[in-house]
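# Breakdown of the fold
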Amino acid sequence: MAEKVKDRAARLLSGLNAGSFFHTAAERVVNLFRRAAGRVKGWGEKLWTLLPVSVREKLPWLEGRLGFILTGAALALLVLLVAVVAAGEPAVERPEAVVSGSLPIPPEELFLPEEPDFLPPVILEREQRDVWTTDDAEPYWYNPLEQGEEQWRERVEQVIDDLLERVP
């Protein structure tokens, strides 16, 4: 046994190229399938003899294939069983990461704030007056004729000229 291992190791090291590795691996896979097929073929003959005669007469085409069909069904059942067990297991929960100190970016800076879905009411600084006195209006009033009278006169004359030119 030790001699076989030494021989295989020596062959593997001496022919350490990709082609020989894949060739050896392919040979091993082919040999594995040949051995499996030989065993299944023997099982099929044994199972065929266990079937009742009436079934053997009705299904003669099944004689050489019974072992392969049963093996395929068993493999399909095994795959289905593994899939059901894997789907039934709850997901592994990962523990939450412990962050020491504060977060690198606070959520307030990362996301925009929610917009209000209503308009705020108008806030008046003072109540509307019914009557204005001269003293009340004085800070907001200016006489346009005191400063830039020429500019206003030219604008008024231009508007009047435009209106008169449009009249037929």
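Just so it is clear, the model here is predicted, and its values are computed rather than measured.

Our next topic: the overall build of the protein. The helix and strand inventory of the protein stands at 7 helices and 0 strands. Listed by position from the N terminus, the elements making up the protein come as α-α-α-α-α-α-α. For the protein, the proportion of its 168 residues judged to be buried stands at 4%. Working note: accessible area of the protein is about 17000 Å², and carbon and sulfur atoms make up 62% of it.

The tally for this structure, following the rule as stated, stands at 1 aromatic pair. Here the aromatic rings of Trp132 and Tyr140 are separated by 6.3 Å at their centres, their planes lie at 85 degrees, and the arrangement is edge-to-face. On the basis of relative accessibility, which here comes to 44%, the residue Trp132 falls in the partly exposed class. The cationic tip of Arg129 hangs over the ring face of Trp132; the distance from NZ or CZ to the ring centre is 5.3 Å.

Glancing now at the confidence of the model for the protein. Averaged over every residue, the pLDDT of the protein is 77; residues scoring 70 or more account for 79%. Of all secondary-structure elements in the protein, the lowest mean pLDDT belongs to helix α1 (residues 2-14), at 71, while helix α7 (residues 149-166) reaches the highest, 91.

This part takes up a nonpolar patch on the surface. Among the surface-exposed residues, Leu75, Leu78, Leu81, Val82 and Val85 lie close enough to one another that they form a single nonpolar patch of about 470 Å² accessible area. With respect to the secondary-structure elements, Leu81 resides in helix α4 (residues 66-88).

Relative to the helices and strands, Glu63 resides in the loop between α3 (53-58) and α4. Separated by 14 residues in the primary sequence, Glu63 and Thr49 have C-alpha atoms spaced 9.4 Å apart.

Taken as a whole, this structure holds 2 salt bridges when the rule is applied. In this structure, the salt-bridge partner of Asp136 is Arg129, at a minimum N-O distance of 2.8 Å. Relative accessible area serves as the criterion here: at 26%, Asp136 is assigned to the partly exposed category. Taking the relative accessible area as the measure of exposure, Arg129 reaches 38% and is therefore partly exposed.

Before going further, it helps to examine a negative patch on the surface. Among the surface-exposed residues, Glu150, Glu154, Glu157, Asp161, Asp162 and Glu165 lie close enough to one another that they form a single negatively charged patch. Summarising the element assignment, Asp161 is placed in helix α7. Judged by its relative accessible area of 41%, Asp161 falls in the partly exposed class.

Procedures and definitions
Residues numbered from 1 in each chain as written. Predicted model: local features only at pLDDT ≥ 70, side-chain atom pairs only at ≥ 80, totals over all residues. Heavy atoms only, no water. Helix = DSSP H or I, 4+ residues; strand = E, 2+ residues; numbered from the N terminus. Buried < 20%, exposed > 50% of the residue type's maximum accessible area, 1.4 Å probe, protein only. Areas by Shrake-Rupley, 256 points an atom, 1.4 Å probe, with all protein chains shown as cover. Phe/Tyr/Trp six-rings, centres within 6.5 Å; stacked < 30°, edge-to-face > 60°. Lys NZ or Arg CZ within 6 Å of the ring centre and 35° of its normal. pLDDT = per-residue confidence, 0-100. Patch = residues over 30% accessible without salt bridge, like charges linked within 9 Å, V, L, I, M, F, W, Y side chains within 5 Å. Salt bridge = Lys/Arg side-chain N within 4 Å of Asp/Glu carboxyl O. Lys, Arg positive; Asp, Glu negative; His and termini not counted. Charge placed at Lys NZ, Arg CZ, Asp CG, Glu CD.

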